[in-house]
Amino acid sequence: MTASALEIRALRKQFGGLPAVDGVDLRVPAGDRRLILGPNGAGKTTLFSLITGELKPSAGTIRLFGDDITGIAPYDCARRGLARTYQILTLFPRNTLRENVVLALLGLSPLRLDPLTPLARRRELAERALETLRLVGLERLADRPLAATAYGEKRRLEIALALAQQPRLLLLDEPLAGLSREERRDLQTLIESIPRSITIVLIEHDMDTALSLADSITVMQHGRVLVEGTRAAVVADPRVREVYLVG
Amino acid sequence: MSRLALVGLGLLLALPLVIEAPYYTDTASQILIAAVFAASLNLLVGYGGLVSLGHAAYLGTAAYLTAYLSVTVGLGHGTAIVLALLATAAMAAAFGLLALRASGIGFLMITLALGQTLWGVAYRWVGVTGGDNGIVGVTRPAPFGLDLSAPKPFYACVLIGFLIAMAAIAAFVRSGLGASLMGSRDQPRRMRMLGHNVWLVQWISFVLAGFWAAVAGIGFVYYHAFVSPHVLALTNSAEVLLMVIAGGAGTLLGPLVGAALVVILKNVVSAYVVRWMMLLGLVFLAIVVFMPEGLAPGARALLGRLRARPTARE
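Residues numbered from 1 in each chain as written. Chains lettered and ligands numbered in written order. Predicted model: local features only at pLDDT ≥ 70, side-chain atom pairs only at ≥ 80, totals over all residues.

A. Region of interest: the interface of chain B and chain A. If you look at the interface, chain B gives 21 residues, while chain A gives 29 residues. Counting only elements with at least two residues in the side of chain B that touches chain A, the list comes to α7 (151–174), α8 (176–186), α9 (188–193) and α10 (198–224) of chain B. With 6 residues, the single largest contributor to the side of chain B that touches chain A is α8(B). Split into classes, the residues belonging to the side of chain B that touches chain A amount to 8 nonpolar, 8 polar and 5 charged. (Contact = placed C-beta atoms within 7 Å. Helix = DSSP H or I, 4+ residues; strand = E, 2+ residues; numbered from the N terminus. Nonpolar A, V, L, I, M, F, W, Y, C, P; charged D, E, K, R; others polar.)

Rendered as structure tokens:
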């Protein structure tokens, strides 16, 4: 049996009386590319926030490579090899692209609590930031302020920040949102180039691109898992057609 | 900052050591003490995005403790200063645990409440604080035989303290902890997901801000040779916040500029203008309207525009 990168059991999250995630079971094998599909309000982003500890679950368990991470703080999740990107860009607007990545590298370094050593003296951080930017094709813009950077490049930077953390599990929340067809194609190539040592769980509405990226698919509706399986099985499932046709 | 500006600032800081009028040397001492106080608050407001309205608590507590320990208890100045700094930092650590349970307006209200509580204690605990009369009779120390009772040696001592504080704060801003604090100000959610314990980063910064305010409190009590509940009053917390905002929050030079502005308006202009408070209000209004980012960054931007103008014509 393949080791699970992520194993979720009976996960629930209620806001007031409304269940946003309602008894989700999910198992993602290591190295998998899992696509989470579902209409708006299906609970996909809430599921991500529960996995990362940004929201506390009402019930259920979450295991990351066998370790119980249910309800632990996001910074602790990050240090255990979990990284995520956001549907709405969440970058550092006053900094350059390199400084954005340095903040990501700093998160896993003891330097983050050092009040005296100037960061500029730590050349290895700047060099590693440049290497990460090279991975996403942004090294030539390393010293450009974020405010002067195009939207498509910011989307790449979101992924760069996550990759800088050297994650074992990467959660991508609509990484292609708002991009042109060319930009989507380029970003798809970038995501495909991420090594299999990093397991990816992806939320995406661009079906053509998303289906070509995924090994397996989980479809959610009303906070529950509706269907799970291979691309072919899920696409052929009449319940999925009904969800997407009826809404 | 360019080398030329740095040399100019150095000369300006050295000027009170050579001018003869003690009044101006004393005013310069007050400016530097206020600048350390403002720079300490700037750590929270400018770099941390945490607007505190109770920062006088740390300046006032250190001032009271130094006065109490040296005058009432009779300890030596060195011991009194060290104990006052340690106790104030410990108090900041405890206050940080309470205040950082909230952010934004909640944080502001908790800091305000804590500051007002201390002000009330200073008024009511007459046996220790002297109540409304405060503690009088604080004498200045004489380190290595150097008598600090005259304005110039005292200014030299304050200048050394100011330079140490500014160097430490500048190092903090450029350090990993400084970067973590600024990142937590701009994107706390992302910072958590990048492995930063945002609460811990803010708490350590809160304690450091309290410590540097305590350093300013030591300078304050030795300058005035007296401490009363006024030092803990809300007006003192509001005034230092105005210094930070007027000078330029989130800049190293801003607190010094803001402190100079407020102290000069308060000490010098009030001698000539009866309604100087009104003038102070108008000056702040003008800063907010014409240089909302503060005087230091505003002046820099203005200089940049003036320099760029001839090039644009070419």
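The rest of the description comes next.
B. The arrangement of unusual backbone geometry in detail. For Phe65(A), which is not a glycine, the phi torsion comes out positive at approximately 50°. A positive phi angle is found at Ala225(B), which is not glycine, with a value near 55°. Residue placement: Ala225(B) occurs in the loop between α10 and β2 (226–227).

C. Structural view of the sheet that holds strand β8 (residues 199–203) of chain A. All names here are of chain A. Here 6 strands make up an open sheet; going across it, the order is β6-β7-β8-β3-β9-β10 and the pairing mixed. Because the sheet does not close on itself, it has two edges, and the strands there are β6 (82–84) and β10 (224–230). Averaged over all neighbouring strand pairs, the angle between strand axes comes to 20°, with direction disregarded. Here 4 bridges tie strand β3 (residues 33–37) to strand β9 (residues 216–221), and the two strands are oriented parallel to one another. Residue pairing in the sheet places Leu37 in a bridge with Val219 of β9. Where helix α1 (residues 44–51) meets the sheet, it contacts β3, β6, β7 (169–173), β8 and β9, and its direction lies at approximately 150° from that of β7. (Pairing = 2+ DSSP bridges. Axes fitted to C-alpha atoms, helices over the stretch in contact; angles between N-to-C directions.)

D. Representation of the domain arrangement of chain A in the model. All names here are of chain A. Under the domain assignment, chain A is made up of domain 1 (1–81 + 167–247) and domain 2 (93–164). Measuring from the centre of the C-alpha atoms in domain 1 to the corresponding centre in domain 2 gives 26 Å. On the side of domain 2, 10 residues touch domain 1, which itself brings 10 residues to the contact. Mapped onto the side of domain 1 that touches domain 2, the elements with two or more residues apiece are α2 (74–79) and α6 (181–192). For the side of domain 1 that touches domain 2, the element with the most residues is α6, which contributes 3 residues. (Domains from an automatic or database assignment.)

E. Region of interest: the environment of Gly183(B). Its place among the elements puts Gly183(B) in helix α8. Here the alpha-carbon distance between Gly183(B) and Gly48(B), two residues 135 residues apart in the chain, equals 8.4 Å. Aside from chain neighbours lying at most four places away, what touches Gly183(B) is Phe92(A), Leu103(A), Met191(B) and His196(B).

F. Molecular detail of the packing of helix α3 (residues 56–73) of chain B against helix α4 (residues 77–99) of chain B. Residue and element names in this part refer to chain B. At a minimum axis distance of 8 Å, the contact between α3 and α4 shows a crossing angle of 145°. Helix-helix and strand crossings are classified by hand; for α3 and α4 the assignment is right-handed. Residues Ala57, Tyr58, Thr61, Ala62, Leu65, Thr66, Leu69 and Ser70 of α3 touch α4, and the partners they reach there are His77, Ala80, Ile81, Leu83, Ala84, Leu85, Ala87, Thr88, Met91, Ala92 and Phe95. Partitioning the contact of α3 with α4 into residue classes produces 14 nonpolar, 5 polar and no charged. (Left-handed = near helix turned anticlockwise from the far one by under 90°.)

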